[in-house]
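Here is how the chains run, residue by residue.
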Amino acid sequence: MKKLLAILFTLQASLAFGQLSNLGVIAGSRSRPVGAVDTSAKAPVTPPVDTVVVTPPGVPTYTLASPSTVSVGIYKSDGTLVRTLEAAKVKAAGPYNIVWDGTDDLLQAQPVAQYTAKIATNNIIYDWQGVIGNTSTNQTGGDVHRSLDPAIAMVIAGTKAYYAIGYGEGEGGNGSFLLSDIQKKLLPMPYDGTGQNTEIMATDGTNIYWAGHSSFEPSKSFVFATKLSDKSEVIFSAGISFQPQFAHNYASAIGYLDQDDTKITGLAVSSNYIFISKKNLNQILVLNKTTGAVAQTVTFGGPGALTVSGSTLWIASGNAATKATINGDGTITTTGTTSASTFAGPIHMSNNGSIVAVIDGGSSQQIKAFDINTGATAWVLGDANGNNVNPAVTNTRFAFWKRDQETAAKLGYGSIAFAPDGSFWVCDPGNFRMLHYSSATAYIEQIQYTGRSYNLAVDLVDHSRVISTMLEYQVDYTSSIKNSWVLKYNWDGTFNSAYDLLDKIKHMRTYSNGRTYAMMFRKAGGTEIVELDPVNGIRYTGIVFTHVAKIYEDGSVGEMQNGGVDETQYFRRYTHTGYSGANPTFSSAVLIAIHTNTSASEPRNGSIKINPVEVTSTGILALYKGSRVIGEQNSFHLGGFDISTGTVKWKTQLSNFDAYTGDFPRVDAFEVGNFGSEQGGQGDVVIARDRSIFTHYYGEYWKSPGQTNIFNHYLDNGLPLGQFGITSDEVSQPADVKFAGNAFSSVLIKEGNDYYIYQNDESQHGGTHRWKISGISTIAEQSITIPSSFVRTSEVVTVGSDLMAGLPKFSSNLPNNTNGWTRSPASNVGTDWEVTTSRRIYGARNNPDLYITWSTPQNASVTRTLGNNTNVAVWKVSGKVSFNSTMPSETNKMVVKVLDNAGKIIAQFNRDINFSDFIVRYKANTTEVGTATRDRYELREKRSNALEFTRSGNNIIYQFSNFAPVTLPLVDNTAAIGNPAKLVVEFQYNGGGIYGKHISLENFVYTGSNQ
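Residues numbered from 1 in each chain as written. Predicted model: local features only at pLDDT ≥ 70, side-chain atom pairs only at ≥ 80, totals over all residues. Heavy atoms only, no water.

### Details of the overall build of the protein
Helix and strand content of the protein: 2 helices and 75 strands. Dimensions along the principal axes, computed over C-alpha positions, put the protein at roughly 105 × 80 × 50 Å. Within the protein, buried positions represent 59% of all 1011 residues. Counting every atom, the protein has about 36800 Å² of accessible surface; 50% of that belongs to carbon and sulfur. Treating the 79 positive side-chain charges of the protein as one cloud and the 84 negative ones as another, the clouds have centres 4 Å apart. (Helix = DSSP H or I, 4+ residues; strand = E, 2+ residues; numbered from the N terminus. Buried < 20%, exposed > 50% of the residue type's maximum accessible area, 1.4 Å probe, protein only. Areas by Shrake-Rupley, 256 points an atom, 1.4 Å probe, with all protein chains shown as cover. Lys, Arg positive; Asp, Glu negative; His and termini not counted. Charge placed at Lys NZ, Arg CZ, Asp CG, Glu CD.)

Shown next as structure tokens:
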């Protein structure tokens, strides 16, 4: 009867807790198969029932009625978390014992007393749904339109359009598309990253001409050309070889000039000449189109955009365009004809043989067309002043600008290109779109995507409103994500350069007066509330909070102030009280918490992006120290501060160490390794909702030049619920599933019973990411009393002989003859021969890995004895290896062997490469276990891969990574298969360069028996 009542009580507790809790692959499983996008409907998950039976002084036990993700923690009587025993482990149904050695997370012994074990279980689903704000046919892969900056230049040749984006930061971003299949990006060159900030393009139907400057050297301007036939570079006899900094080498750059303020402002091509205008030099440079040599240097007042038709050259200058005739020697003669239309700021011109169309920036923001012969006005397309003031986006309201990333000034950009059928395309960079119009100026279609985005806002009341960078989308949650959005507003027109260009608009909420407010960070300091007026744009209210602040769902404002050297932090709330005219009013500040660090290893609130007052429904204030300090050890990065008691109740995310080079750590740890000499960017925001706490880690420069996009999810008692996301080590294609770059602005909302997290993205996907987190009601929490009579036992359970036991930890050099390990040479040879530990495994309770570097031109080896084994019927040597993206060699090999007691080879594994095809071959002796192309092996070998040698009768079963097992006879048929004696990593030098080979051995165990 007591047991039945216990079960019923547990069931009620589980269900009751599920109604109070929130959040969600099953938690703890970070990634789905590469390429999978799970958009299917999920069946409701029945919450697991944990039945607890304790019979003192018996072993505390809990039982899972169904498979679940489980975390277990040990707590003091005052509710303080002492130790996280298990962190988000997926477990099968059945009974489980509580095993604890009596120490805390830092291996410090705890006093004998009564404790409580808490078990948190869940079946949460974390589903990456895709992105909004991108019209591309596919959400992932190489044909997604995406780039750091918007398309600012375009030409059309034959059946394709080609566009350029300016700065690409390592990826060119320049693209093309078929006019018949516009939503799939094609590459216009053999390479993606160009190194040129291409700002103007021209074509003669044979070549494309690209004009701009070196990305990191703006004084160096030049033009290069590519062939439409095969994308190769055109070689001009007068061209020069030029390699921009950090970029591709151009074999034949023309019109090259290294001089400040010599930006190319116009480009046009005739049958014999290339025309390059430079407004600041009052100059038009005329090049021979065949050789690239300078034919003429024409003086002309402030020349800007250019366009050519036959022997006619139109030149934009000031507020008009002037018609000129091209002479046979490349000189030009003005005709006296000018455009009837006047321009506010002409940016680009193009023609279709009959009319010239001008992208007019400044206060115009229109496209103005005039007759190519007479200059008479033909038509005007677009609302006057465009999105300069009115933020509403329409197909006739343009934003012909992009922002200078240093000064935030508007710079005029835009382009127009005519198609063979008379229709035309327009680059509208401020709205990050390319629009297609008929010859009669009727809208047809568009390509839309989002570029560099570092800020994000979702209306906390009206969740359909989502802002990324300065573009606002209206989102329908009942539709598939690809078809769920429309672009509604562009708030950039009234952005004030006195405000931070990186953060822009954040923390948005519509208040009861029907007005929508948000926050912007002032360069001079402080956070200001602004109104988003749908007619007049951003209105700056003058309501400024001195420190970092955020609008919360209830309309209040939270603010955090950092103190002095004692790292005291003050957390305040301002309650929304009403309105004064068009502005909201707030109460005086209410101090809700003061937190002072007792040491640098304690958690505090401090990251690249700070949500100042993240409090759960039970009054736990989340403290997230998202930044890494070089040299830190045993530092906690997340804590739960109990507002009612003024104390930190739990700490988690214990740091690993600087020299760590392994996989991204699990949910209860914090990554400080994998950055090398780079300081890098690590964690960013912490978000609290109901009883859930989320942290995010964006990891710029992680495993340089990689990044991460990892969320950790916790219950507000400190127990982990799950980890989700992806790292660059797992990325196998452009715009890969789940991956975002510099995604340090995340917003969480609740729709019905589900959570949604929106993420910014610098340019990986060209859109705003969304995760759906369902199954929050499956969270269940149980408590078990751990009496003072509880028997503390070791938590380490090893089956067989742990070959890594006894190795020195924390990046230590391995001395020869250490716990069965020997090495030859016995000492390090500079950095060419090193045998060290703790490079890929962290945690004080874990045995370290062995990390070996070999580039010295001599044979070498590392050996581990397996014991005195004779006539062993069943045995296995198993563990994990990582080659750390080391290029295999055709001649110099790294071979993993198992030897018998006479030194004969029982089994061996190695990898090699044929440089004719760059296929990596993984071999058991000489038999291929599997193969991988260069890009795939680099992806595979960034991570640890299982390696097993198992006796099966008189054969050996080889298992490597996820390849199918292979059964083979002995390498040496005279070897004694029942007498395995040594595990050896052998480095075989056969001449030539070695170029730094690496291998790590992890978790190797020998098991054997005669049964």
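Here the narrative resumes, following the displayed structure.
### Concerning the pairing of strand E70 (residues 927-933)
A regular strand carries its side chains on alternate faces of the sheet. Pairing between strand E69 (residues 919-924) and E70: 6 bridges, direction antiparallel. By the bridge assignment, Ile-919 is partnered in E70 with Thr-933. Hairpin remark: E69 followed by E70, antiparallel, with 2 residues in the connecting loop; positive phi at Asn-925, about 55°. (Pairing = 2+ DSSP bridges.)

### Some thoughts on the packing of aromatic side chains
Summed over the entire model, instances satisfying the criterion amount to 49 aromatic pairs. Between Phe-398 and Phe-400, the aromatic rings sit 5.1 Å apart at their centres with planes inclined by 20°, giving stacked as the arrangement. Judged by relative accessible area, which is 0%, Phe-398 ranks as buried. Note on Phe-711 and Trp-771: the rings are 6.4 Å apart at their centroids and 75° apart in plane angle, and the pair reads as edge-to-face. Of this pair, Phe-711 sits in strand E55 (residues 708-715) while Trp-771 sits in strand E59 (residues 768-774), placing them 60 residues apart in sequence. With relative accessibility at 0%, the residue Trp-771 sits in the buried group. What links up through ring pairs into an aromatic cluster is the set Trp-379, Phe-398, Phe-400, Phe-418, Phe-424, Tyr-437 and Tyr-443. The side chain of Arg-839 reaches across the aromatic face of Tyr-851, ending 4.4 Å from its centre. (Phe/Tyr/Trp six-rings, centres within 6.5 Å; stacked < 30°, edge-to-face > 60°. Lys NZ or Arg CZ within 6 Å of the ring centre and 35° of its normal.)

### Here's the deal with the domain arrangement of the protein
Domain boundaries in the protein define domain 1 (61-124), domain 2 (147-263), domain 3 (456-778) and domain 4 (801-1009). One C-alpha centre belongs to domain 2, the other to domain 3, and the line joining them spans 37 Å. (Domains from an automatic or database assignment.)

### Considering the confidence of the model for the protein
Counting all residues, the mean pLDDT for the protein is 90, and 93% of those residues have values of 70 or more. The model gives residues 1-56 a pLDDT under 50, and that stretch makes 134 contacts with residues more than four places away or in other chains. (pLDDT = per-residue confidence, 0-100. Contact = heavy atoms within 4.5 Å.)

### Topic: the nonpolar core
With 49 residues, the main nonpolar core has Trp-875 and Phe-949 as its most contacted residues. For Phe-949, the contacting residues outside a window of four places in its chain are Trp-875, Lys-876, Val-877, Val-896, Val-898, Ala-907, Gln-908, Phe-909, Ile-956, Ile-957 and Tyr-958. Core analysis: the second largest hydrophobic core is formed by 42 residues, Ala-120, Ile-124, Trp-650 and Val-667 among them. (Core = buried A, V, L, I, M, F, W, Y, C linked by side-chain atoms within 4.5 Å.)

### Description of unusual backbone geometry
Here the residue pair Ser-704 and Pro-705 is connected by a cis peptide bond, since its omega of 10° sits within 30 degrees of zero. In this structure, Pro-705 sits in the loop between strand E54 (692-697) and E55. In the segment running from Ser-824 into Pro-825, the intervening peptide bond is cis, with an omega of 0°. One non-glycine residue, Asn-282, lies in the positive phi region at around 50°. By secondary structure assignment, the location of Asn-282 is in the loop between strand E18 (273-278) and strand E19 (283-288). At Thr-469, a position not held by glycine, the phi torsion is positive, near 50°. Along the chain, Thr-469 turns up in the loop between strand E36 (465-468) and strand E37 (471-475). On the accessibility criterion, Thr-469 (10% relative accessible area) is buried.

### Overview of the pattern of salt bridges
In the structure shown here, the tally under the stated rule is 39 salt bridges. Note that Asp-492 and Arg-403 form a salt bridge whose closest N and O atoms lie 3.2 Å from each other. One end of the pair, Asp-492, is in the loop between strand E38 (485-490) and strand E39 (506-510); the other, Arg-403, is in strand E29 (residues 401-403), with 89 residues separating them in the sequence. Per residue, the accessibility class of Asp-492 equals that of Arg-403, and both read buried. (Salt bridge = Lys/Arg side-chain N within 4 Å of Asp/Glu carboxyl O.)

### Observations regarding the side chain of Lys-220
The residue Lys-220 is located in strand E14 (residues 217-227) in this model. By relative accessible area, which is 18% here, Lys-220 ends up buried. In this structure, Lys-220 is in contact with Gly-212, His-213, Ser-214, Phe-242, Tyr-256, Leu-257 and Asp-258, ignoring residues within four places of it in sequence.

### Looking at the environment of His-547
On the secondary structure map, His-547 appears in the loop between strand E42 (537-545) and strand E43 (548-551). Placed 13 residues apart in sequence, His-547 and Met-560 show a C-alpha to C-alpha distance of 6.2 Å. Other than its neighbours up to four places away in sequence, His-547 contacts Thr-527, Glu-559, Met-560, Gln-561 and Arg-572.

### Concerning the sheet that holds strand E7 (residues 125-132)
Read across the sheet, 4 strands follow the order E7-E59-E58-E57 without closing on themselves; strand pairing throughout is antiparallel. Of all strands in the sheet, those with a lone pairing partner are E7 and strand E57 (746-751), marking the two edges. Ignoring strand direction, the axes of neighbouring strands in this sheet form an average angle of 25°. In this structure, E7 lies alongside E59, joined through 7 bridges in antiparallel fashion. When the sheet's bridge partners are listed, Asp-127 is paired in E59 with Lys-772. (Axes fitted to C-alpha atoms, helices over the stretch in contact; angles between N-to-C directions.)

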